[in-house]
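Topology and contacts: notes
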Amino acid sequence: MDAFRISDSVIADHNARAAASLKRDYDNLGEALSRRGVKIDSIRDTVARFNVAVPSWGVGTGGTRFARFAGVGEPRNVYEKLDDCDAIHRLGRISRTVSLHFPWDKAEDLGRLKSHARELGLAFDAVNSNTFQDQAGQTLSYKFGSLTHQDREVRKQAVRHNLECIELGKELGSKAITVWVGDGSNFPGQQDFTEAFERYLESASEIYRGLPSDWMMFLEHKLFEPAFYATVINDWGTSYLAASRLGPQAKCLVDLGHHAPNTNIEMIVARLAWAKKLGGFHFNDSMYGDDDLDSGSIKPFQLFLIFNELVSAERRQGAEFKPAYMLDQSHNVTDPIESLLLSGQEVGRAYAKALIIDRAKLSAAQQANDVIEARRTVTAAYQTDVSPILAAARVQQGGAADPIAAFRESGYRERKTKERPSDGSRRSGIV
Ligand SMILES: [Mn+2]
């Protein structure tokens, strides 16, 4: 049985119904923006080029430490995960790449995986290694750490896994590996901070030496969890120290949920961008900790301020500045495809709003210490409803005017529920 795909005609019918009102909204916004010296078509085209990768594990229902409530029609293997990523991209047109996670996504036949992605028009983004849990049949345990473990043999096993991820990624056309380790300690005195960091540097440099010359290695920091007292790569400063020590192909990756509450993440972005060490970004949102909620659902203003810094870095550094963007969320109470569609849209929205900030006016206000005018300039962009720009960018590329509505109209989930009967045993992971 051929897997069901959302057809172009379903999207075209949906768009035909939305066309007249979209055109009116787009023209009205275009007129308002032109009074501010902004050309709406150019913003639309810039937004259309933006890409945020979907993580393969995001299309399945996640879970918390307590439970996982499986959804219906969930993908059962990496091919079906790609099918869901395809549905997301067909409707949303902002995520042409997929980030794989090994060994969860290990396929017997890499050639088949590659051709499946090619048929769907998807490409592979950064690969992710996993040394934060033990796999079936694994010789040595990561219970007390992986790249920083006291035992050289455990570290070697973790390094080997990362090198294997690079080999798999090379086959698939990826150009980066993201390394996150949960290594650390739960209690004071458990671990020597300095020795653990030195062991990390030694292991990470062994991975670094295995990078092809056109690859990047992203170091992802996280404040806490699963280590609840001290994590080895706990913040952007430590990540920066490690990336600097490793070399130019190592950069820092910022995951929005991996900081203490109220941390000024936009400022971290500015610092890392200045140092040319901002390699990538994992988008999600949170109220308390690493909640992995949908991007833009809790703190949309923060997301906008982060994009303000990203656009600013883009203007300063040009094509040289190209962080890898990915959605990194866990979907517990929503349909994962709908959450990812909405999140891609919200990330695009923050980007579009940051693009329409009047930067000349902002700079002049900053120079003159005109605090109110500076603030007004930034918030004027934030308060502009850029929805028509996002919809036009999608429609221009063959996507849906309203991706969630079109997804529901397509009957995709119902079809997948029939195609993919659940065996009740599958697990998804959260990073
Ligand atoms: Mn992450």
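Here, every reference points to the structure presented above.
Bear in mind the structure is a predicted one, so any value in this text is a computation, not a measurement.

Thresholds, definitions, all that
- Numbering of residues starts from 1 in every chain and runs along the sequence as written.
- Residue-level local features of this predicted model are given only where pLDDT is at least 70; pairs of side-chain atoms are given and counted only at 80 or more, and the full residue set underlies all totals for whole chains, interfaces and linings.
- In this text, helices come from DSSP runs of H or I with a minimum length of four residues, and strands from runs of E with a minimum of two, each type numbered from the N-terminal end.
- Both definitions apply: the radius of gyration is a C-alpha atom measure, and the globule rule equals 2.2 Å times residues to the power 0.38.
- To sort residues by burial, count the other C-beta atoms lying within 10 Å of each one's C-beta; a count of 20 or more means buried, 12 or fewer means exposed, and anything in between means partly exposed. C-beta atoms are built from the backbone.
- Contact between residues is assigned whenever the C-beta positions, reconstructed from backbone atoms, fall within 7 Å.
- Note on pairing: DSSP must find at least two bridges between two strands before they are called paired.
- A residue's bend is the angle separating two fitted axes: one through the seven residues that end there, the other through the seven that start there.
- Orient the strands so they point away from the viewer, and a crossover whose first-strand-to-second-strand path over the helix runs clockwise is right-handed.
- Working convention: axes come from line fits to C-alpha atoms, limited for helices to the stretch in contact. Angles between N-to-C directions cover 0 to 180 degrees.
- Buried Ala, Val, Leu, Ile, Met, Phe, Trp, Tyr and Cys residues form a nonpolar core when they are connected through C-beta atoms within 7 Å.
- Taken from the helix axis, the directions to the C-beta atoms give the arc we talk about.
- Angles below 35 degrees are treated as roughly parallel, those above 145 as roughly antiparallel, those between 65 and 115 as roughly perpendicular, and all remaining angles as oblique.
- Left-handed is the label given to a crossing in which the near helix is rotated counterclockwise from the far helix by less than a right angle, and right-handed is the label when the rotation is clockwise.
- For this scheme, ten residues count as nonpolar: Ala, Val, Leu, Ile, Met, Phe, Trp, Tyr, Cys and Pro. Four count as charged, namely Asp, Glu, Lys and Arg, and the remainder, Gly too, count as polar.

1. Some details on the overall build of the chain
- A tally of helices and strands in the chain yields 15 helices and 11 strands.
- For the chain, the C-alpha radius of gyration of 22 Å lies close to 22 Å, the compact-globule estimate for 431 residues.
- Counting only C-alpha atoms, the chain reaches 65 × 65 × 40 Å along its principal axes.
- Counting every position in the chain, which comprises 431 residues, the buried fraction comes to 47%.
- Taking contacts inside the chain between residues at least 6 apart in sequence as the whole, the part at least 24 apart equals 80%.

2. Quick look at the sheet that holds strand S1 (residues 54–55)
- On the basis of which strands lie adjacent, the open sheet formed by three strands has the order S1-S2-S3 and parallel pairing. One side of each edge strand has no neighbouring strand; the edge strands of this open sheet are S1 and strand S3 (123–124).

3. A look at helix H1 (residues 8–35)
- Along its length, H1 reaches its greatest deviation from straightness, about 50°, at alanine 19.
- Buried residues along H1 sit against helix H2 (40–49), helix H3 (78–92), helix H13 (387–396) and helix H14 (403–410).
- Following H1 by one or two positions, glycine 37 has its phi on the positive side, about 80°.

4. Considerations on the environment of isoleucine 11
- Turning to its location among the elements, isoleucine 11 is positioned in helix H1.
- Residue isoleucine 11 is classed as buried on the basis of its 22 C-beta neighbours within 10 Å.
- A C-alpha to C-alpha distance of 16 Å links isoleucine 11 and isoleucine 94, two positions 83 residues apart in sequence.
- When near neighbours in sequence (up to four residues on either side) are disregarded, isoleucine 11 contacts Ile6, Arg90, Leu91, Gly398, Ala400 and Ala406.

5. Description of the pairing of strand S11 (residues 324–327)
- Side chains Ala324 and Met326 of S11 all project onto a buried face; the interleaved residues Tyr325 and Leu327 project onto the opposite face, where all are buried too.
- One crossover worth recording links strand S10 (residues 278–283) to the parallel S11 by way of helix H9 (residues 300–317), and it is right-handed.

6. Details of the sheet that holds S10
- Across the sheet, six strands lie side by side as S4-S5-S7-S9-S10-S11; this open sheet has parallel pairing. If you trace the sheet from one side to the other, it starts and ends with strand S4 (127–128) and S11, each paired once.
- In this sheet, S11 lies alongside S10 in parallel orientation, the contact comprising four bridges. Bridged to glycine 280 within S11 is alanine 324.
- Helix H7 (residues 236–246) contacts strand S7 (216–220) and strand S9 (250–255) of the sheet and is inclined by roughly 160° relative to S9.

7. Some remarks on the nonpolar core
- Ranked by internal contacts, the top residues of the largest apolar core, which has 104 residues, are Leu219 and Ile389.
- With nine residues, helix H10 (residues 336–355) is the single largest residue contributor to this core.
- Excluding its chain neighbours within four sequence positions, the residues that come into contact with isoleucine 389 are Leu29, Ile40, Ile43, Arg44, Val47 and Ala352.

8. Points about helix H8 (residues 265–274)
- Turning to H8, its buried residues number three or more, namely Ile265, Ile268, Val269 and Leu272. Mapping the buried residues of H8 onto a view down its axis gives an arc of 100°, with all of them on the same face.
- In this fold, the buried residues of H8 make contact with H7, S9, S10 and H9.
- Looking one or two residues beyond H8, the residue adopting positive phi is lysine 276, at roughly 55°.

9. Observations concerning the packing of H9 against H10
- Look at H9 against H10: their axes get within 8 Å of each other, and the N-to-C directions meet at 55°. For the element pair H9 / H10, the angle class is oblique. Where H9 crosses over H10, the two elements pack in a sense that is right-handed. For the pair H9 and H10, the contacting residues are Pro300, Leu303, Phe304, Phe307, Asn308, Leu310 and Val311 in the first and Glu346, Ala350, Tyr351, Lys353, Ala354 and Leu355 in the second.
- Taken together, the residues of the contact of H9 with H10 break down into 10 nonpolar, one polar and two charged.

10. A few points about unusual backbone geometry
- For the bond running from phenylalanine 102 to proline 103, omega is 10°, close enough to zero to count as cis.
- Relative to the helices and strands, proline 103 resides in the loop between strand S2 (97–99) and helix H4 (110–120).
- Positive phi, normally seen in glycine, also occurs at arginine 93, with a value near 50°.
- Relative to the helices and strands, arginine 93 is located in the loop between H3 and S2.
- Judged by local crowding, arginine 93 falls into the buried class, with 24 C-beta atoms found within 10 Å.

11. Some words on the pairing of S7
- Of all five residues in S7, four are buried; the element is thus mostly enclosed.
- Where strand S5 (residues 176–179) meets S7, four bridges bridge the pair, whose relative direction is parallel. Paired with threonine 178 across the two strands is phenylalanine 218, which belongs to S7.
- Sheet topology places S7 next to S9; four bridges connect them, and they run parallel. Within S9, the residue paired with methionine 217 across the bridge is alanine 250.

12. Things to note about the environment of glutamate 309
- Relative to the helices and strands, glutamate 309 resides in helix H9.
- When the C-alpha atoms of glutamate 309 and alanine 354 are compared, they prove to be 8.4 Å apart, with 45 residues separating the residues in sequence.

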